[in-house]
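One-letter residues, chain by chain:
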Amino acid sequence: MANIPSNLKYTKEHEWAALNDGVVTVGITDFAQSSLGDIVFVELPSIGEEISKDSTFGVVESIKSASDLYSPVTGEVVEINEALTDSPDMLNNSPYDSWMVKIKITDTSEFENLLSDQDYAPLCEE
Amino acid sequence: MYKTSLHDEHLALGAKMAEFAGFDMPIQYSGVKNEVLAVRNNVGVFDVSHMGEFFVTGNDAVKFVDYIMTNDFANAEIGKAVYSPLCRDDGTVIDDLIAYKLEAEKVLICVNASNIEKDWKWISAKTNGFSIELENHSDDYSLIAVQGPKTEEILTKLGLTSVTGASYYSAYEDKLNGHNLILARTGYTGEDGFEIFGGHDSIKTIWKTLLDLGVTPCGLASRDVLRLEVCYPLYGHELNDEITPLDAALKWTTKMNKESFIAKEALASYEPRFQLVKLSLDKGIPREGYEVLDSENNIIGKVTSGTMSVVLEKGICLALVEKSKVPQNKSFRIQIRKNIIEANFHTKPFISGGHK
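Fair warning: this is a prediction, and the values are worked out from it, not measured in the lab.

K.L.:
Residues and numbers for the interface of chain B and chain A, please.
P.N.:
With 13 residues of chain B at the interface, the matching set in chain A holds nine residues. Every element with two or more residues in the side of chain B that touches chain A is listed here: helix H2 (32-41), helix H7 (220-229) and strand E16 (299-308) of chain B. Class assignment of the residues belonging to the side of chain B that touches chain A gives a composition of six nonpolar, four polar and three charged.

Quick look at the structure:
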């Protein structure tokens, strides 16, 4: 069973999001890392980049495949987790500690409208 | 969807399954990296029962197989296997295959699962004038590939003592506990190993015993990484209906000194349109379909297969590049999304493999 913490919000593309002081931290879920398998490459946006909800902000790659990352909210990238570039396998080992980007959110209602853990869980049934 | 005789075993092992060539096949079990390393350093086993088996028997069996393939089969010794493209009269590639000369008048042809019908249609239409029987036994055989440096040791433990001393690309019939098998020291990984053809029940028993002996079950994902690391072509990627063997680095398999074979005339005058190149990246992973550029960013070709190499921990790929546009300085670039990345040109396979 995939681990789905109740204190986070989720997207149907298997990203998680947390809101602190107007900044949304984004990563991929336990289900996502498990489906991908050995993660070997991560491409993240640049700091200062403006990204809009549901647009691709980066890519996560396993040995055999590349998957786009979709932004759960609209806003400006204020921080990226550079450690993932050198150690992408952190996403397999601890997906909820291995955040990818922090986005200064334009409209907090976008965050509130993301999926709850209970809404997300059925999307992890294989 | 078709299922192989080992389908229940794959499900019980918790394999990730997906459709491949109409079969529900195991893509991975413990993980691609683990499976690749098992084959490079130890021993792994693949279910490749989806592949097709045609038997050619009779007086002209060898002559016929030699005629339909571009490589030299006539001069292969009895007990040897030969890899070859299968071409149309115009030289385009229908499939690539391995033919096993089991006896003077008995040949097994193993073809790609995705091409069984196409190959059968082509080959069975070419039998006129040959004294042969041609039979499609694809549904009657299961096939496993045991691959890795410990293969000989494991198969000996299993009771297949004939493997000791069998040379690379040898092929012969054997028995285990009364069951008929065909063994060949062939594979698709670059490592030492055997492919074992047999009835569904006997292969299932062997599969289970191998797992009990600690052999790592490996899926199609690791198989693809393994073959790409040693630069073996895959039909539908490096080879297709539109190009000839001369476009895909397979000149060594077209023996123009053979008296006659299908495609001989076409290939004799053919000017290759493409060159198959081996490229690696220091950053990023090339994927199928990505564009290959020259140093002035002109598009000159496309990646046909790409992956992260488990052994090199680098992105590697094969790419078909327009022959006339191959840069003199061998300076290639690959476009990955918005980025253009300098590629390293390789003259040899990315890794050499340890086969006999």
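K.L.:
Which residues make up H2 of chain B, and what are the values?
P.N.:
Residues and elements named next belong to chain B. Here H2 lies mainly inside the structure; seven of its ten residues are buried. Those residues of H2 that sit buried are Val 32, Lys 33, Glu 35, Val 36, Ala 38, Val 39 and Arg 40. On the buried face of H2, the contacting elements are strand E2 (23-28), strand E3 (44-47), strand E9 (142-147), strand E13 (216-218) and H7.

K.L.:
Account for the nonpolar core, with residues named and values stated.
P.N.:
All names here are of chain B. Judged by nonpolar contacts, the single largest core of 135 residues is most densely connected at Val 65, Ala 99, Val 107, Ile 109, Ile 144 and Val 146. Among the elements that line this core, the one with the most residues is strand E6 (residues 93-103), at seven residues. Filtering out sequence-adjacent residues up to four positions away, Ile 144 remains in contact with Val 45, Phe 46, Asp 47, Val 48, Ile 196, Ile 203, Ile 206 and Trp 207.

K.L.:
Run through the domain arrangement of chain B, naming residues and quoting values.
P.N.:
Each domain of chain B was delimited in the assignment, giving domain 1 (7-48 + 139-229), domain 2 (53-136) and domain 3 (273-346). Averaged C-alpha coordinates put domain 2 of chain B and domain 3 of chain B at centres separated by 34 Å.

K.L.:
Tell me about the pairing of strand E9 (residues 101-105) of chain A, and please be specific about residues and values.
P.N.:
Along any regular strand, the residues point their side chains to alternate faces of the sheet. Residues and elements named next belong to chain A. Where burial is concerned, most of E9 is hidden: four out of the five residues are buried. In the sheet, strand E3 (residues 23-28) pairs with E9 via four bridges, with the strands oriented antiparallel. Residue pairing across strands places Val 24 opposite Ile 103, the latter belonging to E9. In this sheet, E9 lies alongside strand E8 (residues 75-80) in antiparallel orientation, the contact comprising five bridges. Looking across to E9, one finds that Glu 76 is bridged to Lys 104.

K.L.:
Quick one: what's the story with the environment of Pro 88 of chain A, residue by residue and with numbers?
P.N.:
Structurally, Pro 88 of chain A is set in the loop between helix H2 (83-86) and helix H3 (90-93). What Pro 88 of chain A contacts, discounting residues up to four positions off in sequence, is Ile 39, Val 40, Phe 41 and Val 42 of chain A.

K.L.:
Which residues make up the sheet that holds strand E5 (residues 50-51) of chain A, and what are the values?
P.N.:
Residue and element names in this part refer to chain A. Judged by pairing direction, the sheet is antiparallel, and its six strands sit side by side in the order E1-E2-E3-E9-E8-E5 without closing on themselves. Edge positions in the sheet fall to strand E1 (9-10) and E5, since each of these pairs with one other strand and no more. Relative to strand E2 (residues 15-20), E1 runs antiparallel, the two being bridged by two bridges. Each bridged residue has a counterpart across the sheet, and for Tyr 10 the counterpart in E2 is Trp 16.

K.L.:
So what's going on with helix H6 (residues 200-212) of chain B? Residues and values would help.
P.N.:
Residue and element names in this part refer to chain B. Counted at 1.5 Å a residue, the expected span for H6 with its 13 residues is 18 Å, and the 19 Å between its end C-alpha atoms agrees. Along H6, the residues classified as buried are Ser 202, Ile 203, Lys 204, Ile 206, Trp 207 and Leu 210. Once H6 finishes, Gly 214 follows within two positions and takes phi at roughly 95°, a positive value.

K.L.:
Give a detailed account of unusual backbone geometry, specifying residues and quantitative values.
P.N.:
Of note in the backbone geometry, Ala 249 of chain B takes a positive phi value of approximately 60° without being a glycine. Structurally, Ala 249 of chain B is set in the loop between H7 and helix H8 (264-268).

Thresholds applied
Residues numbered from 1 in each chain as written. Chains lettered and ligands numbered in written order. Predicted model: local features only at pLDDT ≥ 70, side-chain atom pairs only at ≥ 80, totals over all residues. Contact = placed C-beta atoms within 7 Å. Helix = DSSP H or I, 4+ residues; strand = E, 2+ residues; numbered from the N terminus. Nonpolar A, V, L, I, M, F, W, Y, C, P; charged D, E, K, R; others polar. Buried ≥ 20, exposed ≤ 12 C-beta atoms within 10 Å, placed from the backbone. Core = buried A, V, L, I, M, F, W, Y, C linked by C-beta atoms within 7 Å. Domains from an automatic or database assignment. Pairing = 2+ DSSP bridges. Expected span 1.5 Å × (residues − 1).

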